[in-house]
Amino acid sequence: MEPLVIGAIASLGAGLATVIGALPILLPINFTQRVQGIMLGFGGGVMLAATSFSLILPGTESAVAQGYPQAGAALIMATGILLGGVFLQLTHKLLPHEHFFKGQENVRSNNLKRIWLFIAAITIHNFPEGLAVGVNFGNNNIKDGIPVALGIGLQNIPEGLVVALSLVAEKYSAGYALWISLLTGLVEPIGGVIGAGVVSIANFILPWAMAFAAGAMLFVISDEIIPESHRKGLEKEGTIGVMLGFIIMMFLDIALG
């Protein structure tokens, strides 16, 4: 099967985990803010481990395998990470959006409904995740790609629930919240196709693509997930979630990789 197809399918599966995670809103269960803080932190921990073990380290190995010296490989990774962060910063600057807890950013008109601002924020968040999955499969190395797809899907489950709970809190119906969770999850296969396509066409881009995806994910972790998991004095809950997510993703990557 072509790497492009595999990357698309894997990132789609990871993205659909968002709506799976949102399903509990149909049940009469009260998720406290402490639990939501842990869930957000968990997602951040998974992404942080994926950035380290599934992108930066294999990206460095790929650069060395292509003939770059250790210092050259380190420079490629550092540059790619910076480019990924700059890309996300520019996206944040140009695209009006609203965080569920931090509020609006770059909103120049009151005519934009809050729901579209929420969707924009989640889109910014999910694209790097799909890109990370696609880049790993784009090298036609399923063994390296599976832990990333599993990890991203795993962190999308609590994230999907938090998104749905936030929408319901904004007086949207449970069915509408599930629909929005599904739509935002479909952003990931777009990133997956782009990542897999670029790498499969020109394999020498692999370390650059991995570094770029890592930088974009690091930006999301620091700019969005950790601050939102620490909201309202829930720093300890968020930290517990980050550590649990990091450990589980690290275990998956090492055990399956």
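Residues numbered from 1 in each chain as written. Predicted model: local features only at pLDDT ≥ 70, side-chain atom pairs only at ≥ 80, totals over all residues. Heavy atoms only, no water.

An unreviewed UniProt entry annotates the chain as Protein gufA of Tolypothrix bouteillei VB521301. Word for word, the UniProt comment on the chain under Subcellular location (unreviewed entry) is "Cell membrane". UniProt lists a comment for the chain under the heading Sequence similarities (unreviewed entry), and it reads "Belongs to the ZIP transporter (TC 2.A.5) family." (UniProt positions renumbered as here; feature names shortened; annotations may be inferred.)

By size, the foremost hydrophobic cluster in this structure holds 34 residues, and its most contacted members are Leu-55, Val-133, Val-135 and Met-217. It is helix 8 (residues 206-229) that contributes the most residues to this core, eleven residues altogether. Val-135 has contacts with Gly-195, Ala-196, Val-199, Leu-206, Ala-209 and Met-210, leaving out every residue within four places of it along the chain. Ranked by size, the runner-up nonpolar core spans 16 residues in total, among them Val-19, Ile-25, Val-162 and Ala-164. (Core = buried A, V, L, I, M, F, W, Y, C linked by side-chain atoms within 4.5 Å. Buried < 20%, exposed > 50% of the residue type's maximum accessible area, 1.4 Å probe, protein only. Helix = DSSP H or I, 4+ residues; strand = E, 2+ residues; numbered from the N terminus. Contact = heavy atoms within 4.5 Å.)

Next up on the list: the pattern of salt bridges. Enumeration over the complete set of coordinates arrives at one salt bridge. One salt bridge in this structure joins Arg-34 and Glu-237, with 2.8 Å as the shortest N-O distance. Of this pair, Arg-34 sits in helix 2 (residues 33-65) while Glu-237 sits in helix 9 (residues 235-256); the two residues are 203 residues apart in sequence, bridging distant segments of the chain. (Salt bridge = Lys/Arg side-chain N within 4 Å of Asp/Glu carboxyl O.)

Residue-level pLDDT values for the chain average 82, and 87% of them are 70 or greater. The element-level mean pLDDT for the chain is lowest in strand 2 (residues 103-105), coming to 51, with helix 3 (residues 70-94) highest at 91. Contacts of residues 107-112 to residues separated by more than four positions or lying in other chains number six contacts, the stretch itself having pLDDT below 50. (pLDDT = per-residue confidence, 0-100.)

Let's shift gears to the packing of aromatic side chains. Taken as a whole, this structure holds four aromatic pairs when the rule is applied. Taking the centre distance of 5.5 Å and the plane angle of 50° together, the rings of Phe-87 and Phe-212 count as tilted. Linking Phe-87 in helix 3 with Phe-212 in helix 8, this pair joins segments that are 125 residues apart in sequence. Considering the side-chain rings of Tyr-172 and Tyr-176, the 5.4 Å spacing of their centres and the 20° angle between planes classify their relative orientation as stacked. Joined through ring pairs, the aromatic side chains of Phe-87, Phe-127 and Phe-212 make up one cluster. (Phe/Tyr/Trp six-rings, centres within 6.5 Å; stacked < 30°, edge-to-face > 60°.)

Here helix 5 (residues 142-169) crosses helix 6 (residues 174-185) at 140°, and the two axes come no closer than 9 Å. The angle between the axes of helix 5 and helix 6 places the two elements in the oblique class. The two elements helix 5 and helix 6 cross, and the hand of that crossing is right-handed. Of the residues in helix 6, those touching helix 5 at Gly-160, Val-163, Ala-164, Leu-167 and Val-168 are Ala-174, Ala-177, Ile-180 and Ser-181. (Axes fitted to C-alpha atoms, helices over the stretch in contact; angles between N-to-C directions. Parallel < 35°, antiparallel > 145°, perpendicular 65-115°, else oblique. Left-handed = near helix turned anticlockwise from the far one by under 90°.)

The subject of this paragraph is the UniProt feature "transmembrane region" (unreviewed entry) in the chain. Sites flagged by UniProt as "transmembrane region" (unreviewed entry) map to residues 6-27, 39-59, 71-90, 111-128, 148-169, 176-199, 205-226 and 238-256. Helix makes up 100% of residues 71-90 and strand 0%, and the two end C-alpha atoms of the span are 28 Å apart. Secondary structure across residues 176-199 divides into 96% helix and 0% strand, with the first and last C-alpha atoms of the span separated by 36 Å.

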